[in-house]
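So the chains spell out like this:
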Amino acid sequence: MRIAVSADDKNGLNSTISPHFGRCPYFIIVDVEDHDVEQVLQVENPYYGDHRPGQVPKFIEEQGADVMLTGGMGARAMQFFSQYGIEPVTGAMGTVRISLEQYLGGELTGAAPCATSQTHEHESEPAEGEYEKDKVERLKEEAESLQEQLEQTLRRLEETSED
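Cut-offs used in this document
- Residues numbered from 1 in each chain as written.
- Predicted model: local features only at pLDDT ≥ 70, side-chain atom pairs only at ≥ 80, totals over all residues.
- Heavy atoms only, no water.
- Helix = DSSP H or I, 4+ residues; strand = E, 2+ residues; numbered from the N terminus.
- Buried < 20%, exposed > 50% of the residue type's maximum accessible area, 1.4 Å probe, protein only.
- Contact = heavy atoms within 4.5 Å.
- Areas by Shrake-Rupley, 256 points an atom, 1.4 Å probe, with all protein chains shown as cover.
- Patch = residues over 30% accessible without salt bridge, like charges linked within 9 Å, V, L, I, M, F, W, Y side chains within 5 Å.
- Salt bridge = Lys/Arg side-chain N within 4 Å of Asp/Glu carboxyl O.
- Arc of directions from axis to C-beta.

S.K.: Any chance you could break down the overall build of the chain for me, citing the residues and the numbers?
M.R.: In terms of regular secondary structure, the chain is built from four helices and five strands. N-terminal to C-terminal, the α/β element order of the chain is β-β-β-α-β-α-β-α-α. For the chain, with 163 residues in total, the buried portion stands at 45%. When contacts within the chain are restricted to residue pairs at least 6 apart in sequence, those whose partners lie at least 24 apart make up 57%. Of the roughly 8,800 Å² of accessible surface on the chain, a fraction of 46% belongs to carbon and sulfur atoms.

S.K.: Explain a nonpolar patch on the surface to me, using residue names and the numbers behind them.
M.R.: A surface patch of nonpolar side chains, amounting to about 290 Å² of accessible area, comprises Leu150, Leu154 and Leu157. Mapped onto the elements of the fold, Leu150 is located in helix H4 (residues 135-162).

S.K.: Help me get a handle on helix H1 (residues 55-62), residues and values and all.
M.R.: Buried within H1 are the following residues: Val56, Pro57, Phe59 and Ile60. Projected down its long axis, H1 carries its buried residues within an arc of 160°, all on one side. Looking at the packing, one finds that the buried side of H1 touches strand S1 (2-7), strand S2 (26-33), strand S3 (36-44), strand S4 (67-69) and helix H2 (75-83). One or two positions beyond H1, positive phi appears at Gly64, with a value near 85°.

Following this line, the structure appears as structure tokens:
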């Protein structure tokens with residue numbers, strides 16, 4: 001199975017998950033056989049900073065991915081992935097390694113459109129740079145994702161210390 005994961009950096013399995021797949025600068029492509037990592041590739045997103053509907057899902061399909069793990073994506077992107085036979089999975093956070101383990105362990109499943117995507121459904125031709133306005137929006141999304149990850153980790157720590 002080949003799993004593509006949206007990433008903010010090129011640190012392989014230690015890469016930070018990008019909160020939105022279309023805005024990520026990199027994809028970490030992981031080949032998995034029987035829950036064992038066989039190969040890890042780092043691929044630049046050729047549409048980082050400027051993409052049109054369907055371009056990024058098509059690129060992921062060209063990489064041979066069976067699954068797309070990411071923090072979030074829009075409803076149309078999920079439709080494109082489904083058309084290509086790729087399972088979209090949202091809600092990934094932290095590192096590629098953590099999200100991969102959660103996915104393979106059955107803890108990370110399903111996809112729902114992210115809140116940001118509700119405001120940019122790509123119904124008409126976007127203005128240049130409209131969706132990738134600047135790094136500030138990406139950093140805000142990343143901060144929210146990291147805050148949620150911290151809260152989940154603190155809850156797990158609390159549960160562990162209660163045992």
